[in-house]
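Architecture at a glance
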Amino acid sequence: IILKVDDSIICTLGNFSASAGKEKSKKTFNVSALTASLLSGKQVLNYTPMPLTGRNKVLYIDTEQSNYHCKKVARRILYLAGLEEADFSKRLIFLALRRYSPEERLNLIEQAIYDNIDIFLVIIDGLRDLVLDINNATEATMIMSKLQKWTDECNIHIHNVLHLNKGDDNTRGHLGTELNNKAETILQITKSIEDKHVSTVSSRTIRDIDFDDFAFCINMDGLPELLENHTSSSSINKAFTYDELSEEEQQCLEKAIYQE
């Protein structure tokens, strides 16, 4: 176990997870906090790292941002981790792969993983950019096979970032479906309806127990900051099956459907 939220296990070595959200929901800010927590060994937002001996490096891959914005992300992680810049530069390997093709990105990521034996965590901010077609079943299966191979052979954790559809809360394409089926945890990042500066983190799918949603804002320093006791009507409605309803609830639902 390398990361928890409250008593819920979020990340373990040998597995992969993801942060998913719609455009501008602050997914990268959330991942910055998660990364800073694991680099510093201290709680950041509601992310609590577990003690880890030996390997201490993080490989961070960004597939869509310019060098300028990649540097901003790296600087944000540095501030959140509270590390000295000299120590930080030895702990974080940052690859900006926007200029490359999907196949080249995939090869560069694989090379970086196998060339750096001190890595325990890999962030892939832009999993969609490793394929040509997000709805191609063959490409989706290939990417999942790569994630399973890398995490298993190198005993690392890989945290991915993927967009949700604009019209609903489903992860995009066949790639998103496969990620939902195979990932240890999917964190959903949702922008508040009441306040555009606030985002909520929820456990969309998780193999461990669910954790309570938590919210963060972006403070005056441009850093994610936890909002204590924040409640929002935009909290995610978690899916349930018909069989989970009580007999009385089933009767009410059937009555409402037949009336329509």
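A brief look at the structure comes next. Owing to the predicted nature of the structure, the values given are computational and were not obtained by experimental measurement.

Quick notes on the rules
Residues numbered from 1 in each chain as written. Predicted model: local features only at pLDDT ≥ 70, side-chain atom pairs only at ≥ 80, totals over all residues. Heavy atoms only, no water. Axes fitted to C-alpha atoms, helices over the stretch in contact; angles between N-to-C directions. Helix = DSSP H or I, 4+ residues; strand = E, 2+ residues; numbered from the N terminus. Parallel < 35°, antiparallel > 145°, perpendicular 65-115°, else oblique. Left-handed = near helix turned anticlockwise from the far one by under 90°. Contact = heavy atoms within 4.5 Å. Nonpolar A, V, L, I, M, F, W, Y, C, P; charged D, E, K, R; others polar. Pairing = 2+ DSSP bridges. Expected span 1.5 Å × (residues − 1). Buried < 20%, exposed > 50% of the residue type's maximum accessible area, 1.4 Å probe, protein only.

Description of the packing of helix H1 (residues 27–40) against helix H2 (residues 67–81)
In contact at an axis separation of 8 Å, H1 and H2 are set at 45 degrees when each is read in the N-to-C sense. When the interaxial angle is binned, H1 and H2 end up oblique. Note that H1 runs across H2; the crossing there is right-handed. Where H1 abuts H2, its residues Thr28, Phe29, Ser32, Ala33, Thr35, Ala36, Leu39 and Ser40 lie against Val73, Arg76, Ile77, Leu80 and Ala81. When grouped by side-chain class, the residues that make up the contact of H1 with H2 number eight nonpolar, four polar and one charged.

Things to note about the environment of Gly126
Mapped onto the elements of the fold, Gly126 is located in the loop between strand S7 (119–125) and helix H5 (137–154). Counting along the chain gives 35 residues from Gly126 to Val161, while the straight-line C-alpha distance between them is 5.4 Å.

Considering the side chain of Asn46
Checked against the element boundaries, Asn46 lands in the loop between H1 and strand S4 (47–49). The residues contacting Asn46, other than those within four sequence positions of it, are Lys4, Val5, Asp6, Phe214 and Leu226.

Description of the sheet that holds strand S12 (residues 224–227)
Across a sheet, strands are paired by hydrogen bonds formed along the backbone, either parallel or antiparallel in direction. Strand order in the open sheet formed by nine strands is S6-S5-S7-S8-S3-S9-S10-S11-S12, and the pairing between neighbours is mixed. Of all the strands in the sheet, just strand S6 (92–96) and S12 have a single pairing partner and so form its edges. Each strand axis lies, on average, 20 degrees off the axis of its neighbour in the sheet, ignoring direction. Alignment of strand S3 (residues 16–21) against strand S9 (residues 185–191), held across four bridges, turns out to be parallel. For Ala18, the partnering residue across the bridge sits in S9 and is Ile186. Running at roughly 160 degrees to S6, H2 makes contact with strand S5 (57–62), S6 and S12 of the sheet.

Examining H1
Between its first and last C-alpha, H1 extends 20 Å over 14 residues, near the 20 Å set by a 1.5 Å rise per residue. Most of H1 sits out of view: 14 of its 14 residues are buried. Downstream of H1 by a residue or two, Gly41 has a phi angle that is positive, lying close to 75 degrees.

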